Amino acid sequence: MISAQRIFIALLCCLPLFGAAQAGEKDKLDSLRKRISAVKVEIDKSSESKADAADALKESEVAISNINRKLAKLKKQKKQVDLRLDELTTQESELNRKVALQRAQLGKLLNHQYLNGEQEYLKLLLSNQNPSQVARELQYFTYIARKRAGFLATLREDLASLNQISNSVREQRAEIEVLHSKQAGHKSSLNKQRRARKGVLTKISRQLNRQRREIKKLKRDENRLSRLVRKIADA
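Caption draft 1: Seen up close, a negative patch on the surface. Taken together, the side chains of Asp44, Glu48, Asp52, Asp55 and Glu59 make up a negatively charged region of the molecular surface. Of note, Asp52 is situated in helix 1 (residues 4–126). Asp52 gets classed as partly exposed once you look at its relative accessible area, which sits at 47%.

Caption draft 2: Quick peek at the confidence of the model for the protein chain. Mean pLDDT over the protein chain works out to 79, with 73% of the residues at or above the 70 mark. This model gives residues 7–18 a pLDDT under 50, and the stretch forms three contacts once residues within four places in sequence are excluded. Every residue in residues 115–119 is under pLDDT 50, and counting partners more than four places away or in other chains gives one contact.

Caption draft 3: Spotlight on the nonpolar core. Residues Leu74, Val81, Leu85, Leu88, Leu95, Val99, Leu152, Leu155, Leu159, Leu162, Val169 and Ile176 constitute the largest nonpolar core, which totals 12 residues. For this core, the elements supplying multiple residues, two or more each, are helix 1 and helix 2 (131–234).

Caption draft 4: Representation of a positive patch on the surface within the structure. Taken together, Lys50, Arg212, Lys216 and Arg220 make up a surface patch of like positive charges. Broken down by element, the residue count for the positive patch peaks at three residues, all from helix 2. One can find Lys216 in helix 2. Among the residues examined, Lys216 registers a relative accessible area of 56% and is labelled exposed.

Caption draft 5: Representation of the side chain of Ser226. Tracing the sequence through the fold places Ser226 in helix 2. Those residues within four positions of Ser226 in sequence are excluded, and the remaining contacts are Leu29 and Arg33.

Caption draft 6: Up close: the side chain of Gln183. Tracing the sequence through the fold places Gln183 in helix 2. Judged by its relative accessible area of 17%, Gln183 falls in the buried class.

Caption draft 7: Up close: the pattern of salt bridges. All told, the structure shown has nine salt bridges when counted by the stated rule. For Asp82, the salt bridge identified is with Arg173, shortest N-O distance 2.5 Å. Taken as a pair, Asp82 in helix 1 and Arg173 in helix 2 lie far apart in primary sequence, 91 residues in all. What makes Arg173 partly exposed here is its relative accessible area of 24%. Across the salt bridge formed by Glu87 and Arg84, the nearest N and O atoms sit 3.5 Å from each other. Of this pair, Glu87 and Arg84 both sit in helix 1, three residues apart, roughly one helical turn. Residues joined by salt bridges that share partners form a network here, namely Lys78, Asp82, Arg173 and Glu177.

Caption draft 8: Broad picture of the environment of Arg103. Its location among the elements puts Arg103 in helix 1. Accessibility expressed as a relative area gives 42% for Arg103, which makes it partly exposed. As for Arg103 and Ala149, which are separated by 46 residues in sequence, their C-alpha atoms are 8.2 Å apart. In contact with Arg103, not counting residues within four places along its chain, are Leu152 and Arg156.

Caption draft 9: Structural view of the environment of Ala54. Tracing the chain through its elements places Ala54 in helix 1. The spacing of Ala54 and Thr202 is 148 residues in sequence and 9.6 Å in space, taken between C-alpha atoms.

Rules used throughout
- Residues numbered from 1 in each chain as written.
- Predicted model: local features only at pLDDT ≥ 70, side-chain atom pairs only at ≥ 80, totals over all residues.
- Heavy atoms only, no water.
- Patch = residues over 30% accessible without salt bridge, like charges linked within 9 Å, V, L, I, M, F, W, Y side chains within 5 Å.
- Areas by Shrake-Rupley, 256 points an atom, 1.4 Å probe, with all protein chains shown as cover.
- Salt bridge = Lys/Arg side-chain N within 4 Å of Asp/Glu carboxyl O.
- Lys, Arg positive; Asp, Glu negative; His and termini not counted.
- Charge placed at Lys NZ, Arg CZ, Asp CG, Glu CD.
- Helix = DSSP H or I, 4+ residues; strand = E, 2+ residues; numbered from the N terminus.
- Buried < 20%, exposed > 50% of the residue type's maximum accessible area, 1.4 Å probe, protein only.
- pLDDT = per-residue confidence, 0-100.
- Contact = heavy atoms within 4.5 Å.
- Core = buried A, V, L, I, M, F, W, Y, C linked by side-chain atoms within 4.5 Å.

See below:
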């Protein structure tokens with residue numbers, strides 16, 4: 001049988017080995033804990049970056065939503081302006097038709113008076129009618145001509161006013177189209193910005209997930225090494 005003295009001597013010989021093993025595991029544990037602290041800092045930074053990226057993405061989405069509302073409003077305005085232009089075009093066509101008709105009728109009347117004026121005047125004088133009656137009839141012809149000329153002038157004024165309104169509406173339509181084009185271009189830029197910000201958020205989220213998985217593993221390793229160090233110390 002092995003004597004107690006020999007066992008004691010063997011244990012004494014092993015003590016340096018146990019001490020070296022314990023020191024080595026403690027060094028590993030210290031390094032592990034430093035890494036855990038460093039990863040925690042990284043997680044805090046990544047979490048903050050993720051929050052900032054999410055806010056930026058939300059900002060882009062709100063801006064796009066606002067642009068969409070503006071575009072919808074402009075589209076509605078353009079539709080209303082187009083309807084108004086159609087109405088004005090119809091009115092212009094009708095007024096042009098009336099102007100052409102009145103111009104033709106006045107032209108016929110004036111031409112008739114020019115060609116037959118003197119003959120009509122002599123006929124009226126030789127008809128043995130009352131001179132006052134003759135004067136009234138001649139005055140009537142003049143009145144009709146002036147009346148038609150006045151009506152024609154009114155139609156032309158109405159047409160000029162209508163043309164002015166139409167030009168104003170066309171200018172409004174052009175302004176709406178310019179605004180729509182600018183807003184559409186702005187929306188395109190915002191969509192590009194949103195895609196970029198979404199990519200940043202996705203990248204940070206993946207990085208944060210990797211860091212969280214890493215710290216879980218590091219903590220498991222910490223627990224394992226802590227138990228090992230305690231066992232060596234108790235040996």
